[in-house]
Amino acid sequence: MTNPHAVPSDAPASAALLDRARAVTPGGVNSPVRAFRSVGGTPRFMTSARGPHLTDVDGNEYVDLVGSWGPMILGHAHPAVLDAVHTAAARGTSFGTPSENEVLLAEEIVARVDPVERVRLVSSGTEATMSAIRLARGFTGRSLVVKFAGHYHGHVDSLLVAAGSGVATLALPDSAGVPADMASETLVLPYNDVAALEAVFAERGDQVACVITEAAAGNMGAVPPAPGFTEALRRVTAEHGALLVSDEVMTGFRCSRAGWWGFEGVDAAPDLMTFGKVMGGGFPAAAFGGRADVMALLAPDGPVYQAGTLSGNPVATAAGLATLQHCDDALYGRLDEVSRTLATAADDALTAARVPHRVQHVSSMFSVFFRDGEVTDYDAARDQDTAAFGRFFHAMLDAGVYLPPSAFECWFVSGAHDDAALDRVVSALPAAARAAAG
Ligand SMILES: *Cc1c(COP(=O)(O)O)cnc(C)c1O
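Residues numbered from 1 in each chain as written. Predicted model: local features only at pLDDT ≥ 70, side-chain atom pairs only at ≥ 80, totals over all residues. Heavy atoms only, no water.

Asker: How would you sum up the overall build of the protein? Please name residues and give values.
Answerer: Assigned secondary structure in the protein consists of 14 helices and 13 strands. In terms of overall dimensions, the protein has a C-alpha envelope of 65 × 55 × 45 Å along the principal axes. Classification of the 438 residues of the protein by burial places 56% in the buried group. As displayed, the protein offers around 17500 Å² of accessible surface, 53% of which is attributable to carbon and sulfur atoms. Between the centroid of the 30 positive side chains of the protein and the centroid of its 49 negative side chains there is a distance of 3 Å. (Helix = DSSP H or I, 4+ residues; strand = E, 2+ residues; numbered from the N terminus. Buried < 20%, exposed > 50% of the residue type's maximum accessible area, 1.4 Å probe, protein only. Areas by Shrake-Rupley, 256 points an atom, 1.4 Å probe, with all protein chains shown as cover. Lys, Arg positive; Asp, Glu negative; His and termini not counted. Charge placed at Lys NZ, Arg CZ, Asp CG, Glu CD.)

Below, the structure written as structure tokens:
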């Protein structure tokens, strides 16, 4: 039986736009993973999105499992978000002054996430982590930053060392253009390795401004912290007067009302946290926040400078607030159900086709590693059959399912993934698993 949702492999309108884009934009894209370099083929140029679906310029419809890399937790073009955006935009799109929406969004974040007493809004996750690092250095008067291999914190110079996400997808050693003495201020450790952490702190603990960690890693695939790991980070940093920065740009407000933090205990409370993606509702809005005494060092109260022309933008904050207001227990329950259904179906299909694989979860985020065995760090995440993933990806694309075009990214579900959308994904999996088997 032929799949009624099948999509032709050639995408002439996308290919034509890609040619034009390449003439004016490096690689034809404004963020590298969108270019399909690690899976091959023509990246699809989308024209519209609604609920769980994306539609490309050739008129093909896909079930979307990228969700704009996380933000679209309610699905695309959610009516409540569109309403809030229309209302806000009609009142003016940027004031360059304080406005009420910023207060409402900040109050919502502070109410959800206990360790956050004060929060500052910015426009991207990159800005949030960059500012949190500057603040940690300003607070401690120290310069070293500890990060974990395979964690991605945006394209901040000092954090583009052994980074996940696109850096992993393109198998880049590190980024060019980061001065060696800046990179040397960053110490990279294997994830989930408490002994390595203790060793570094024993030697240089009094020079470390902060440890930054993805609350649960999602940028090398889904790799949760081992039991007790976050508590160990908290204990070791506190013993040495360093701050703990928990990056929840991806997990924040996605894994639970309070993000990954919602699953941790008080013994793991970070000093600073960063947010983005879901809290912007599909617009550029992000944030960093935490302990009031640390945040008090920010200008205009304190000496650590940080600013933004569009920070707290009234339209972006309206979209973010409307999104968070719909992120309730019912939504999180549905996301867990959808993710269990898809992860189990992927696991079954790959098992039936005898493809080595491992499915891992970070709450409702999950990913499929094309290798056997548990993945707890970046070395293991990199040790997979990316060619098999490429075949799998294209078979799914041809069946009308848009997966992240990288073996190192999580699959994102939304509240709009209804049973019809799930059926489309589930019925596409067996053939894609056979394609992966080669
Ligand atoms: C996406 C992401 C960032 C960067 O956010 P941008 O908005 O792309 O700059 C930072 N940290 C984590 C954990 C992320 O997933």
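Asker: I'd like a rundown of the pattern of salt bridges, residues and numbers included.
Answerer: Considering all chains together, one arrives at 11 salt bridges under this definition. A salt bridge links Arg291 to Asp293, with the shortest nitrogen-to-oxygen separation between them at 2.7 Å. For Arg291, a relative accessible area of 26% puts it in the partly exposed group. Taken together, the shared-partner salt bridges connect Arg234, Asp271, Arg291 and Asp293 into one network. (Salt bridge = Lys/Arg side-chain N within 4 Å of Asp/Glu carboxyl O.)

Asker: Give a description of the packing of aromatic side chains that names residues and reports values.
Answerer: In the structure shown here, the tally under the stated rule is 13 aromatic pairs. Arranged with centres 5.5 Å apart and planes meeting at 70 degrees, the rings of Phe148 and Phe229 form a pair that is edge-to-face. In this pair, Phe148 is assigned in strand β5 (residues 144-148) and Phe229 in helix α8 (residues 229-239), connecting sequence segments 81 residues apart. Of the residues examined, Phe148 reaches a relative accessible area of 0% and is grouped as buried. Phe229 gets classed as buried once you look at its relative accessible area, which sits at 2%. Aromatic rings pair up to connect Phe36, Tyr62, Phe366, Phe370, Phe389, Phe392, Phe393, Tyr402 and Trp411 into one cluster. Its end group placed over the ring of Tyr378, Arg382 keeps NZ or CZ at 4.1 Å from the ring centre. (Phe/Tyr/Trp six-rings, centres within 6.5 Å; stacked < 30°, edge-to-face > 60°. Lys NZ or Arg CZ within 6 Å of the ring centre and 35° of its normal.)

Asker: Before we move on, could you go through the UniProt feature "modified residue: N6-(pyridoxal phosphate)lysine" (unreviewed entry) in the protein and cite the residues and values that matter?
Answerer: UniProt records the feature "modified residue: N6-(pyridoxal phosphate)lysine" (unreviewed entry) at Lys277, using the numbering of this structure. Contacts of Lys277, omitting those with residues within four sequence positions, involve Trp69, Pro71, Val249, Met250 and Ala285. (UniProt positions renumbered as here; feature names shortened; annotations may be inferred. Contact = heavy atoms within 4.5 Å.)

Asker: Summarise the packing of helix α7 (residues 194-204) against α8; cite the residues concerned and give the values.
Answerer: Orientation of α7 relative to α8, taken along the N-to-C sense of each, is 10 degrees, at an axis distance of 10 Å. Judged by the angle between their axes, α7 and α8 are roughly parallel. Contacts between α7 and α8 involve Val194, Leu197, Glu198 and Phe201 from the former and Phe229, Ala232, Leu233, Arg235, Val236 and Thr237 from the latter. (Axes fitted to C-alpha atoms, helices over the stretch in contact; angles between N-to-C directions. Parallel < 35°, antiparallel > 145°, perpendicular 65-115°, else oblique.)

Asker: A description of empty space enclosed by the protein should follow, citing residues and the corresponding values.
Answerer: Counted under the stated rule, the structure contains three cavities of 30 Å³ or more. Forming the boundary of the largest cavity are Thr213, Ala215, Thr230, Leu244, Ser246, Glu248, Trp260, Trp261, Glu264, Ala268, Pro270 and Met273. Space inside the second largest cavity adds up to approximately 50 Å³. Every residue lining the second largest cavity is listed: Gly51, Pro52, Asp64, Gly67, Met72, Gly75, His76, Phe412, Val413, Ser414 and His417. Looking at the lining of the second largest cavity, its residues break down into four nonpolar, six polar and one charged. (1 Å grid on protein atoms, 1.4 Å probe; cavity = no way out; pocket = protein on both sides within 12 Å on 5 of 7 lines; lining within 4 Å. Points joined across faces, edges and corners; volume = space filled by probe spheres on them. Nonpolar A, V, L, I, M, F, W, Y, C, P; charged D, E, K, R; others polar.)

Asker: Before we move on, could you go through the site of the ligand and cite the residues and values that matter?
Answerer: Near the ligand the following residues occur: Ser124, Gly125, Thr126, Tyr152, His153, Gly154, Glu214, Asn219, Asp247, Val249, Met250 and Lys277. Within the contact set of the ligand, an oxygen atom lies 2.8 Å away from a backbone nitrogen or oxygen of Gly125. Here Thr126 contributes a side-chain N or O atom positioned 2.6 Å from an oxygen atom of the ligand. Coverage of the ligand by the protein amounts to 82% of the 390 Å² it exposes when considered alone. The class makeup of the residues in the shell around the ligand is three nonpolar, six polar and three charged. (Near = heavy atom within 4 Å. Polar contact = N/O pair within 3.5 Å; in protein donor to acceptor, adjacent residues only side chain to side chain.)

Asker: For helix α3 (residues 100-112), give the residues involved together with the corresponding values.
Answerer: With 13 residues, α3 extends 19 Å from end C-alpha to end C-alpha; this agrees with the ideal 18 Å at 1.5 Å per step. Residues Glu102, Leu105, Ala106, Glu108, Ile109 and Arg112 constitute the buried set of α3. For α3, the angular spread of the buried residues around the axis is 155 degrees, confining them to a single face. Residues Glu100 and Ala111 are exposed on α3 and point more than 90 degrees away from its buried face. Considering only its buried residues, α3 is in contact with β4 (118-122), β9 (272-275), β10 (286-290), α10 (314-325) and α11 (329-352). (Expected span 1.5 Å × (residues − 1). Arc of directions from axis to C-beta.)

Asker: Let's hear about the nonpolar core: which residues, and what values?
Answerer: Nonpolar side chains tend toward joint burial in soluble globular proteins. The biggest cluster of nonpolar side chains holds 103 residues, and the ones touching the most others in it are Ile109 and Phe392. No other element matches the 10 residues that α11 contributes to this core. Residue contacts for Ile109: discarding those within four places in its chain leaves Val116, Val119, Leu121, Phe253, Phe275, Met279, Ala287 and Leu324. Counting 21 residues, the second largest nonpolar core, distinct from the first, contains Val122, Cys210, Leu272 and Leu298. (Core = buried A, V, L, I, M, F, W, Y, C linked by side-chain atoms within 4.5 Å.)

Asker: Tell me about α11, residues and numbers included.
Answerer: In this model α11 runs 35 Å from its N-terminal to its C-terminal C-alpha over 24 residues, within 8% of the 34 Å that 1.5 Å per residue would give. Close packing links the buried residues of α11 with α3, β11 (358-362), β12 (365-369), α13 (386-398) and α14 (419-437). Just beyond α11, the residue with positive phi is Arg354, at close to 55 degrees.

Asker: Residues and numbers for the sheet that holds strand β8 (residues 243-247), please.
Answerer: Sheet architecture is open: seven strands sit in the order β4-β10-β9-β8-β7-β5-β6, paired in mixed fashion. The two strands at the open ends of the sheet, each matched to only one other strand, are β4 and β6 (186-189). Strand-to-strand, the axes of this sheet are offset by a mean angle of 20 degrees, without reference to chain direction. Examined bridge by bridge, β5 and β6 share four bridges and lie parallel to one another. Bridge pairing in β6 places Val146 opposite Leu187. On top of the sheet, α7 reaches β5, β6 and β7 (208-214); it is set at about 150 degrees to β6, its chief contact. (Pairing = 2+ DSSP bridges.)

Asker: Provide a residue-level description of the pairing of strand β3 (residues 61-64), including the pertinent values.
Answerer: Pairing between strand β2 (residues 53-56) and β3: three bridges, direction antiparallel. Each residue of the ladder has a partner; that of Thr55, found in β3, is Glu61. Counted along the chain from β2 to the antiparallel partner β3, the turn is four residues long, and its residue Gly59 has a positive phi close to 85 degrees. Both β3 and strand β13 (residues 401-402) contribute to a ladder of two bridges, which runs parallel.

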